[in-house]
Amino acid sequence: MRIGIIGLGSMGQMLVKSFCKSEAIQPENVLVFNRTQAKADKLQAEYGVTVAATAQALCEQAELIFLCTKPLDVLPVLRGLSVAADKHIVSVAAGVSIADVETVHAGPVSKVIPTVTSSELHGVSLLTNSGKVSAEQREHLLTLLSAIGTVQVVTDAEIETATILSSSAPGLIAGILDSFAQAAVRKTPELGIEAARSILVETMLGTALLLKNEQLGFDQLIERVATKGGITEEGLRVLDKTLPGGFDELFAMTSSKHAALKELVQKQVGEHSDEKE
Ligand SMILES: NC(=O)c1ccc[n+]([C@@H]2O[C@H](COP(=O)([O-])OP(=O)(O)OC[C@H]3O[C@@H](n4cnc5c(N)ncnc54)[C@H](O)[C@@H]3O)[C@@H](O)[C@H]2O)c1
């Protein structure tokens, strides 16, 4: 089965690279298209995927089509295409719902929120399907996504918060680590930012492996590290005071941004239904 990927920015490129790296699909069965062709040509040279002449040609040749443009480009791009009703469309855009895509495509639609960490074949892809997705189409998508990480099936009520935990988190964690490293260097300049950064990256990797391989709860790991009456306890007290408020604000602000995006997408849906009348 051939798959097509439209939009080769961060997510589109990640999917091409990860699917090829994991051998989830043969490169010759991957069709790509991007507005700026140079990105597509580069992927063809590196991975042996096929560059489609147009997005329309891609939709005619692929059975499963990933739309990886920015949220406000999804519906306009789809409206410019004629896609057969048996093709399975997967939108990866935050803020664009399956129902939004269904205002343009009469056939099966899934929404997937991938993550940059899948290029290391780790991380969580979030998945929701419409009722029109057949068991075979769902299985095919699950097989592809499982090859590049873990799949978490989510409801509409869960997807936005889960997006922050799975897909925004690599960027947020990098931000947290940067702040941690900068504070270390403010305290002890002679350590240097590069040493602080590399200590943290190795420590984070080890921490993730420990939590996963020993199936430790966060509280169990804390207990192992924080010697009673010792130094780490003091650090944890500070975190308990400062972090909950910060994370509550983070979820409030990202939720507002999701709402604003959804409103803009609804406008696009409304404008089109006006045109139809
Ligand atoms: N970056 C992430 O970690 C991430 C994670 C999950 C979901 N997403 C979602 O993925 C989507 C893409 O995000 P991104 O970070 O890759 O953005 P990006 O800006 O890096 O990529 C968008 C790509 O779409 C291309 N494009 C725009 N219009 C096009 C058209 N008409 N035809 C073909 N290609 C076109 C652009 O040239 C660009 O390469 C967004 O909707 C976002 O919500 C992103």
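How each quantity is defined
Residues numbered from 1 in each chain as written. Predicted model: local features only at pLDDT ≥ 70, side-chain atom pairs only at ≥ 80, totals over all residues. Heavy atoms only, no water. UniProt positions renumbered as here; feature names shortened; annotations may be inferred. Helix = DSSP H or I, 4+ residues; strand = E, 2+ residues; numbered from the N terminus. Buried < 20%, exposed > 50% of the residue type's maximum accessible area, 1.4 Å probe, protein only. Contact = heavy atoms within 4.5 Å. Areas by Shrake-Rupley, 256 points an atom, 1.4 Å probe, with all protein chains shown as cover. Lys, Arg positive; Asp, Glu negative; His and termini not counted. Charge placed at Lys NZ, Arg CZ, Asp CG, Glu CD. Phe/Tyr/Trp six-rings, centres within 6.5 Å; stacked < 30°, edge-to-face > 60°.

As annotated in an unreviewed UniProt entry, the protein carries the name Pyrroline-5-carboxylate reductase and comes from Brevibacillus agri. Per its UniProt entry, the protein bears the Subcellular location (unreviewed entry) comment "Cytoplasm". The record held by UniProt for the protein lists under Function (unreviewed entry) the comment "Catalyzes the reduction of 1-pyrroline-5-carboxylate (PCA) to L-proline."

Asker: I'd like a rundown of the overall build of the protein, residues and numbers included.
Answerer: The helix and strand inventory of the protein stands at 10 helices and 8 strands. Across its three principal directions, the C-alpha atoms of the protein cover 70 × 40 × 35 Å. A burial count over the protein gives 36% of its 277 residues as buried. Once local pairs closer than 6 in sequence are excluded, the contacts in the protein between residues at least 24 apart make up 61%. Entry remark: accessible area of the protein is about 15600 Å², with carbon and sulfur atoms responsible for 57%. When the 24 positive and 33 negative side-chain charges of the protein are each reduced to one mean point, those points stand 3 Å apart.

Asker: Requested: an account of the packing of aromatic side chains, with residues and values cited.
Answerer: Given two aromatic rings, their pairing is described by the distance between the two centres and the angle made by the two planes. Tallied over the full model, the rule gives 1 aromatic pair. When the ring of F19 is compared with that of F66, the centres are 5.7 Å apart and the planes differ by 50°; the resulting orientation is tilted. Of the two residues, F19 sits in helix 1 (residues 10-22) while F66 sits in strand 4 (residues 64-67), which places them 47 residues apart along the sequence. Judged by relative accessible area, F66 falls into the buried class, the value being 0%.

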